[in-house]
Amino acid sequence: MWHLGHTLLGKVGCLGGVCGACTVMARPSDQALPKTALACQTMVSEGMEISFLPSDASKKALALLPEAAPSRDTLFQYYPETRRCVACQACSSICPQEIDVMAGVRDVLMGDLPAVAERFDSCVMCGLCAAVCESTVRPHRVGLYARRLHGAFYPQTPSHLLDRIDEISAGRYQAEWSDLMEASSSDKGNV
Amino acid sequence: MGKMETSKKRVDDSRLSRKNEDMPRLSPEEKDALVHRYHPDYKDEAYAEIRIGANKGERTVHEVARLLEGESPFFEKSVPLSPTHQVDVLIVGGGGAGATAALAAKAAGASVLMSTKLRLGDSNTVMAEGGMQVAVAPEDSPVRHFVDSLKGGQMANDRTLLRTLVEEGPSVAKWLIDIGVLFDREGDGNLSLRAGGGSSLPRLLRCKDYTGLELMRVLKDCVLNEEINVLEFSPVLELLTDGEGTCTGAILKNLDTGKLIVVQAKTVILATGGIGRLHIQGFPTSNHYGATGDALSMSYRAGAVLTLQDTFQYHPTGSVFPEAMAGLLVTEAIRSAGAHLLNIHGERFVYELETRDAVASAVIRECQEGRGVETPAGRKGVWLDMPLVDLMNGEGTLKNRFPNMVRQFSRYEINIQKEPVLIYPTLHYQNGGVKINVDCESSIKNLFVAGEASGGIHGRNRLMGNSLLDIVVYGKRSGNAASRRAEEAAHGKLTLDHLKIFHEARKAAGVMSETISPLLFPDYVNKN
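Residues numbered from 1 in each chain as written. Chains lettered and ligands numbered in written order. Predicted model: local features only at pLDDT ≥ 70, side-chain atom pairs only at ≥ 80, totals over all residues. Heavy atoms only, no water.

1. Notes on the overall build of chain B
Operational definition: Only DSSP runs of H or I reaching four residues or more are called helices, and only runs of E reaching two or more are called strands; each is numbered from the N terminus. Radius of gyration: C-alpha atoms only; globule rule: 2.2 Å multiplied by the number of residues to the exponent 0.38. A 1.4 Å probe rolled over the protein chains alone gives each residue an accessible area, and that area as a share of the maximum for its type sets the label: buried under 20%, exposed over 50%, partly exposed in between. In this description, contact between two residues means that some pair of their heavy atoms is separated by no more than 4.5 Å. Throughout, the Shrake-Rupley method with a 1.4 Å probe supplies accessible areas, and for residues the shown protein chains are the sole cover considered. Charge convention: Lys and Arg are scored as positive, Asp and Glu as negative, and His as well as the terminal groups of each chain are ignored. To locate a charge, the coordinates of NZ of Lys, CZ of Arg, CG of Asp or CD of Glu are taken.
Helix and strand counts for chain B come out as 15 helices and 19 strands. Its C-alpha atoms give chain B a radius of gyration of 23 Å, near enough to 24 Å, the size a compact globule of 528 residues would have. Judged by the C-alpha coordinates and their principal axes, chain B covers about 70 × 55 × 45 Å. For chain B, with 528 residues in total, the buried portion stands at 68%. Residue pairs in contact within chain B that sit at least 24 positions apart in sequence constitute 74% of those at least 6 positions apart. Accessible surface, chain B as shown: approximately 17500 Å² in total, 48% of it carbon and sulfur. For chain B, the separation between the mean place of its 61 positive charges and that of its 66 negative charges on side chains is 1 Å.

Dropping the structure here:
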């Protein structure tokens with residue numbers, strides 16, 4: 001677009017297909033209806049109609065992580081409208097990342113956090129799913145909150161990580177560091 | 001069949017026989033010779049001497065020299081400097097380092113304002129695919145991580161910065177997990193680890209090939225939860241000082257209205273990222289739209305010392321075909337998982353997990369010496385054979401572990417599970433940057449720098465996965481240090497006096513260029 005001289009300052013972000021800034025409607029000339037896509041991931045063709053879509057304007061709930069392990073109600077506390085999903089599939093059909101968004105919403109209703117997390121792992125938070133939802137569900141937002149809950153309250157502990165943190169604070173590597181810092185500053189080649 | 005197809009068929013035909021083939025590693029001498037001969041960092045004609053400022057007499061590439069020696073947009077302009085915002089800490093940049101810094105400063109009790117040129121989160125962080133290096137495995141250690149990084153950095157790393165990076169790695173990984181970053185796990189709950197180029201042990205934490213996206217999504221969510229004031233599409237155009245060498249604020253511009261915003265801050269953190277969109281030496285880039293090295297030129301004019309301005313990272317595997325994907329990264333983790341690099345004859349030419357500087361040099365050698373494959377658009381590249389990953393690790397590995405790669409190429413009807421792709425080095429990272437101490441403070445008082453904009457941690461070549469670690473460790477440190485400083489400091493006088501000093505230096509050195517910096521957007525963008 002900028003090679004054609006367009007002043008494109010907004011609506012462009014990472015240019016790598018993951019920031020969700022450049023959502024467009026694009027219709028190849030031989031099609032009747034456009035499809036949503038990320039502009040930076042779309043090959044332009046002769047006669048293609050392209051229209052940039054607005055950024056996500058849905059409200060994010062101030063959803064802090066709870067003290068105790070979450071349940072399905074933790075999600076509903078911040079995103080109660082999720083229950084109103086009428087399974088119309090609009091969210092799934094508009095997603096430029098081809099996520100089965102509605103199935104993710106169903107997983108939320110079942111309280112299945114690992115399943116929600118898996119569904120939304122490629123979500124770029126463009127918010128189109130929320131924009132088209134007639135029941136005012138915000139799938140990307142409840143999806144991210146579910147992912148964060150699953151991550152923060154993961155059923156198992158990363159014991160190697162915790163052990164390493166203890167080792168470091170107990171000074172386990174002090175001697176090695178002293179030798180190494182001395183060696184690496186005086187003798188460049190020999191560490 | 002065209003040359004490209006014939007060559008591709010050779011790759012397909014030799015796949016099975018290559019599967020268990022050993023590739024010798026380079027000796028330190030061989031690697032050194034290869035890098036000196038072919039790496040873009042050693043191409044003399046690409047370099048110029050810096051004529052003014054704290055790094056006068058040192059070398060950098062023409063594209064950076066031009067900006068460092070550039071004039072301020074406000075030189076000899078009368079700008080009313082009555083503040084529109086007054087805060088403890090101003091954070092410039094909305095990527096991973098900026099967001100982490102904002103969270104740390106807020107948690108430490110400071111009043112915080114964030115400003116970003118694009119939207120919060122639209123950054124290089126969000127694109128990081130491979131992972132984050134943390135010495136977690138029982139047989140690993142922070143010391144080993146340090147040694148690998150030092151060797152990878154050609155021994156040019158700042159030892160103190162590097163030690164802090166590796167030592168604080170485990171605790172920041174724990175912090176990320178606590179705020180809900182969902183790293184891949186093993187069946188026993190431990191973090192799943194992968195190998196990276198130049199690392200002696202598997203040490204990469206990751207979230208499939210969406211590690212940066214996952215990090216940025218969560219950090220951004222936290223910033224919004226904390227109700228931190230973020231001015232989007234409002235880049236900083238100039239720093240303000242008290243006229244005596246202390247940073248006291250900055251001038252921003254609202255890109256929508258064109259209005260200037262004057263911020264008076266006790267401390268400023270620059271977290272504006274790197275330089276990919278300068279397209280140094282004509283290279284394509286893996287970087288986001290706004291990666292134009294803004295921190296370098298602004299802090300340099302105010303008197304800051306920079307470091308390692310002569311070295312950049314060209315990631316070995318940027319896509320070159322189709323043309324629309326030129327420059328886009330193919331993650332190094334794909335090579336960790338077994339993908340081969342092959343020239344036009346279908347022959348391997350380098351051990352794929354050498355450090356990035358060595359692999360990039362080898363790819364450039366093949367193409368310079370006529371063993372590259374030409375694309376229809378006239379680019380040169382070599383093959384990256386990804387179907388081998390499934391062959392070695394089992395059907396479905398690419399789809400499950402690299403869903404982003406599979407999707408991105410499938411949009412152009414290339415199935416990486418079945419066919420190789422063409423790659424060439426792409427401008428990826430500035431190894432150097434603004435010189436900082438371990439609290440991220442630059443040589444200018446109350447001016448802090450975090451993330452890619454800073455320099456020294458990675459020496460002359462950054463190892464894969466050390467950048468995500470850098471932005472979190474030093475994002476936190478900068479936020480903490482800047483808010484501590486703000487507790488004891490008062491708001492200072494707002495002046496542009498340093499521009500006069502800089503202009504005098506320009507005149508004295510005979511710098512005639514009309515370049516205005518920071519650039520903000522790439523040269524090819526119509527900014528009117």
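2. With respect to the pattern of salt bridges
Residue and element names in this part refer to chain B. Stated formally: Within this document, salt bridges are pairs made up of a side-chain nitrogen of Lys or Arg and a carboxyl oxygen of Asp or Glu, the two lying within 4 Å of each other.
Per the stated rule, a full pass over the model turns up 45 salt bridges over all chains. Glu-352 is paired through a salt bridge with Arg-348; the nearest N and O atoms lie 2.7 Å apart. In this pair, the class of Glu-352 matches that of Arg-348, namely buried. For Asp-497, the salt bridge goes to Lys-500, with nearest N and O atoms at 3.5 Å. Placement of both Asp-497 and Lys-500 in helix H15 (residues 497-509) is noted, with a separation of three residues, approximately one turn of the helix. By relative accessible area, Asp-497 is classed as partly exposed at 30%. Assessed through its relative accessible area of 53%, Lys-500 is described here as exposed. In the salt-bridge network here, residues are joined through shared partners; they are Asp-12, Arg-15, Arg-18 and Asp-385.

3. With respect to the packing of aromatic side chains
Each aromatic ring pair is characterised by the separation of its centres together with the angle its planes make. Definition in use: Two aromatic rings from Phe, Tyr or Trp, using only the six-membered ring of Trp, form a pair when their centres are within 6.5 Å; if the ring planes differ by under 30 degrees the pair is stacked, by over 60 it is edge-to-face, and anything between is tilted. Only lysine NZ and arginine CZ atoms are considered, and such an atom sits over a ring when it is within 6 Å of the ring centre and within 35 degrees of the ring normal.
All chains considered together, the criterion is met by six aromatic pairs over all chains. Connected via pairs of aromatic rings, a cluster forms that spans Tyr-78, Tyr-79 and Tyr-145 of chain A. Taking the ring centre of Trp-175 of chain B as reference, the NZ or CZ of Lys-476 of chain B above it sits at 4.1 Å.

4. Some words on the sheet that holds strand S3 (residues 49-52) of chain A
Backbone hydrogen bonds hold the strands of a sheet together, and the pairing may be parallel or antiparallel. Residue and element names in this part refer to chain A. Selection rule: If DSSP finds at least two bridges between two strands, the strands pair. Comment: axis = line fitted to C-alpha atoms, over the contacting stretch for helices; angle = value between 0 and 180 degrees taken between N-to-C directions.
As summarised here, the arrangement of the three strands in space is S2-S1-S3, forming an open sheet in which the pairing is antiparallel. The open sheet has two free edges, formed respectively by strand S2 (35-38) and S3, since each of these has just one partner strand. Going from strand to strand, the sheet's axes swing by 35° on average, the running direction of each strand aside. In this structure, strand S1 (residues 23-27) lies alongside S2, joined through four bridges in antiparallel fashion. Its bridge partner lying in S2, Val-24 is registered against Ala-37.

5. Brief notes about the interface of chain A and chain B
In plain terms, the rule: Two parts placed together each lose some accessible area under a 1.4 Å probe, and the buried area is that loss summed for both. Here a polar contact is taken to be a pair of N or O atoms separated by no more than 3.5 Å, where protein atoms must pair a possible hydrogen donor with a possible acceptor and residues adjacent in sequence count only if both atoms sit in side chains.
Facing the 67 residues of chain A at the interface are 71 residues of chain B. At the boundary of chain A with chain B, total buried surface from both sides reaches about 6000 Å², with 59% on carbon and sulfur atoms. If you sort the residues of chain A by the area they bury against chain B, Leu-9, Arg-164 and Trp-177 of chain A come out on top, with a joint share of 12%. Linking chain A to chain B there are six salt bridges. One salt bridge connects Glu-98 of chain A with Arg-407 of chain B, and the closest N-O pair in it is separated by 3.7 Å. The interface formed by chain A and chain B holds 28 residue pairs in polar contact (both at pLDDT 80 or more) in total. Mapped onto the side of chain A that touches chain B, the elements with two or more residues apiece are helix H4 (113-119), helix H6 (139-152), helix H7 (159-169) and helix H8 (174-186) of chain A.

6. Some remarks on unusual backbone geometry
Put simply, Phe-321 of chain B and Pro-322 of chain B share a cis peptide bond, and its omega is 0°. Locating Pro-322 of chain B in the fold gives a position in the loop between strand S12 (312-319) and helix H9 (333-336). In the segment running from Ser-517 of chain B into Pro-518 of chain B, the intervening peptide bond is cis, with an omega of 5°. Positive phi values are uncommon outside glycine, yet Ala-87 of chain A reaches one of about 60°.

7. Quick word on the sheet that holds strand S19 (residues 454-455) of chain B
Residue and element names in this part refer to chain B. Strands sit in the order S11-S17-S19 across an open sheet of three strands; the sheet is mixed. In the strand order of this sheet, the two ends are held by strand S11 (306-307) and S19, each with one partner. In this sheet, S19 lies alongside strand S17 (residues 433-435) in parallel orientation, the contact comprising two bridges. Note that in S19 the partner of Val-434 across the bridge is Ser-454. This element, helix H8 (residues 294-301), spans S11 and S17 of the sheet and lies at about 40° to S17.

8. Things to note about the domain arrangement of chain A
Residue and element names in this part refer to chain A. As a reminder of what qualifies: What marks off one domain from the next here is an automatic or database domain assignment. Under the convention adopted here, Pro, Cys and the residues Ala, Val, Leu, Ile, Met, Phe, Trp and Tyr are nonpolar, Asp, Glu, Lys and Arg are charged, and Gly plus all remaining residues are polar.
In terms of domain boundaries, chain A breaks down into domain 1 (17-53) and domain 2 (54-178). Relative placement of domain 1 and domain 2: their C-alpha centres are 28 Å apart. Listed per partner, the contact involves ten residues of domain 1 and nine residues of domain 2. A combined buried area of about 710 Å² lies between domain 1 and domain 2, and 65% of that area is made up of carbon and sulfur atoms. Inspection of the domain 1/domain 2 interface yields zero salt bridges. Scanning the region where domain 1 abuts domain 2 turns up one residue pair in polar contact (both at pLDDT 80 or more). With three residues, the single largest contributor to the side of domain 1 that touches domain 2 is S2. For the side of domain 1 that touches domain 2, a count of residues per class yields six nonpolar, four polar and no charged.

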